[in-house]
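# Understanding the architecture of this molecule
Read off the chains here:
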Amino acid sequence: MRPFLIKICGLSTAETMNAALVAGADMVGLVFHRKSPRSVSLETAASLSEIARGRATIVALTVDPSDEGLNAIMRHAKPDLFQLHGSEAPERCAEIQARTDRPVMKALGVAEPADLAGLPLYAPHVALFLLDAKPPTDAAYPGGQGKTFDWQVLKGIDPRTPFLLSGGLTPENVGKAIATVKSFGLALAGVDVSSGVESAPGVKDITMIQAFIRNARTASLEATP
């Protein structure tokens, strides 16, 4: 059985990075999208990555990255995985995986069943999906909006498709989210949170991080057949 993954995304300080790791985060996300309040510089990413290396999977979140941008992230942060949160086509996902020699996780915004139609096209080229709430059309950045989506929409996907559930998760609702989605018989690989453990946009709260990880871990064990 695969371990259930808990990802804390948008970490930007040594203090919160250490807190997430000590609390048991399996994946830690660094945001490389300048419009996001969670964006970090290459230099900060390098120092945070060294704290996390060997303790959790280091995820680089990018939005339609250029080859030059990918090269810079690789030189400084040396991430374990790339999370593609833009409009990257399946072929571009394959190119990025080949260029960086790192697995790729493709994020898809979900609001209705039609938003999941592309899953089979991406599946051969990515290691994992991240299913997030679809952002408003005028959103400045594609994730971290703090909004949930109707999890019932996921019932129609191939039950073998591995994914992380994201979108508006908090310490208070993550248990219900895990129990609900696991009840559909899907390959829920884990959960992802960013704004749901913040006291203000981009400001992570250590107590909330600890509560989220604790509640997610408990729920994942209770929901295991």
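The following paragraphs examine the structure supplied in this document. Starting from 1, residues in each chain are numbered consecutively following that chain's sequence as written. Residue-level local features of this predicted model are given only where pLDDT is at least 70; pairs of side-chain atoms are given and counted only at 80 or more, and the full residue set underlies all totals for whole chains, interfaces and linings. Remark: hydrogens and water are excluded; side-chain values derive from all non-hydrogen atoms of the structure.

For the rest of this paragraph, the subject is the nonpolar core. As used here, the term nonpolar core means buried Ala, Val, Leu, Ile, Met, Phe, Trp, Tyr and Cys residues forming a set that is joined through side-chain atoms within 4.5 Å. Three exposure classes are used, based on accessible area relative to the maximum for each residue type with a 1.4 Å probe and protein chains only: buried under 20%, partly exposed in between, and exposed over 50%. Ile8, Leu131, Phe163, Leu165, Val191 and Phe212 are the most contacted members of the largest nonpolar core, which totals 59 residues. The contact rule is simple, with two residues in contact once any of their heavy atoms fall within 4.5 Å. If sequence neighbours within four positions are ignored, valine 191 has contacts with Phe4, Leu5, Ile6, Lys7, Leu164, Leu165, Leu169, Val174, Ile178, Phe212 and Ala216. Membership of the second largest hydrophobic core comes to nine residues, among which are Met27, Leu81, Leu128 and Leu130.

Right, let's talk about unusual backbone geometry for a bit. Positive phi values are uncommon outside glycine, yet lysine 78 reaches one of about 50°. Secondary structure is summarised from DSSP: a helix means a run of H or I of at least four residues, a strand means a run of E of at least two, and numbering begins at the N terminus for each. Within the secondary structure, lysine 78 sits in the loop between α3 (67-76) and β4 (81-84). Using a relative accessible area of 42% as the deciding quantity, one classes lysine 78 as partly exposed. Even without a glycine there, the phi angle at aspartate 101 is positive, about 55°. Mapped onto the elements of the fold, aspartate 101 is located in the loop between α4 (90-100) and β5 (104-110).

Side-chain pairs of opposite charge can arise where the charged atoms are in close proximity. Between Lys or Arg on one side and Asp or Glu on the other, a salt bridge is scored when a side-chain nitrogen of the former is within 4 Å of a carboxyl oxygen of the latter. Enumeration according to the criterion identifies eleven salt bridges in this entry. Where arginine 217 meets aspartate 26, a salt bridge forms, and the shortest distance between an N and an O atom there is 2.9 Å. Pair noted here: arginine 217 is in helix α7 (residues 206-222) and aspartate 26 is in the loop between α1 (14-23) and β2 (27-32), with a separation of 191 residues, a long-range link. Here glutamate 95 and arginine 92 are joined by a salt bridge, their closest N and O atoms 3.2 Å apart. Of this pair, glutamate 95 and arginine 92 both sit in helix α4, three residues apart, roughly one helical turn. Residue glutamate 95 is classed as partly exposed on the basis of its relative accessible area, which comes to 47%. Residue class for arginine 92 comes out buried when judged on its relative accessible area of 19%. Shared partners join several salt bridges into a network, and the residues in it are Asp67, Arg92, Glu95 and Arg99.

So, on to the packing of helix α6 (residues 174-182) against α7. Direction vectors running N to C along α6 and α7 enclose 30°, while the axes themselves pass 8 Å from each other. If you check the angle between α6 and α7, you find them roughly parallel. Remark: the crossing between α6 and α7 carries right-handed chirality. Contacts from Val174, Gly175, Ile178 and Lys182 of α6 reach α7 at Phe212, Asn215, Ala216, Ala219 and Ser220. Gly falls in the polar group here, along with every residue not listed as nonpolar (Ala, Val, Leu, Ile, Met, Phe, Trp, Tyr, Cys, Pro) or charged (Asp, Glu, Lys, Arg). Residues that form the contact of α6 with α7 fall into these classes: five nonpolar, three polar and one charged. Lines fitted to C-alpha atoms define the axes, with helix axes restricted to the stretch in contact, and inter-axis angles between N-to-C directions lie between 0 and 180 degrees. An angle below 35 degrees is treated as roughly parallel, one above 145 as roughly antiparallel, one from 65 to 115 as roughly perpendicular, and anything else as oblique. Note on convention: the crossing is left-handed when the near helix lies turned anticlockwise from the far helix by less than a right angle, right-handed when the turn is clockwise.

Tracing the backbone through its elements, the reader meets proline 103 in the loop between α4 and β5. Overall, proline 103 belongs to the partly exposed group, its relative accessible area being 32%. In sequence terms proline 103 and methionine 74 are 29 residues apart; their C-alpha atoms lie 13 Å from each other. Once residues lying within four places of it in the same chain are set aside, the contact partners of proline 103 are Asp80, Leu81, Phe82, Gln97 and Ala127.

Assignment of secondary structure puts serine 194 in the loop between β8 (188-193) and β9 (198-200). Since its relative accessible area comes to 12%, serine 194 is described here as buried. One polar contact links serine 194 to arginine 38, side chain to side chain, over a distance of 3.1 Å. Those residues in contact with serine 194 that sit more than four places away from it in its chain are Cys9, Gly10, Arg38 and Lys204. Each polar contact in these results corresponds to two N or O atoms within 3.5 Å; when the atoms are within protein, one needs to be able to donate a hydrogen and the other to accept it, and residues that are neighboring in sequence are counted only if both atoms are side-chain atoms.

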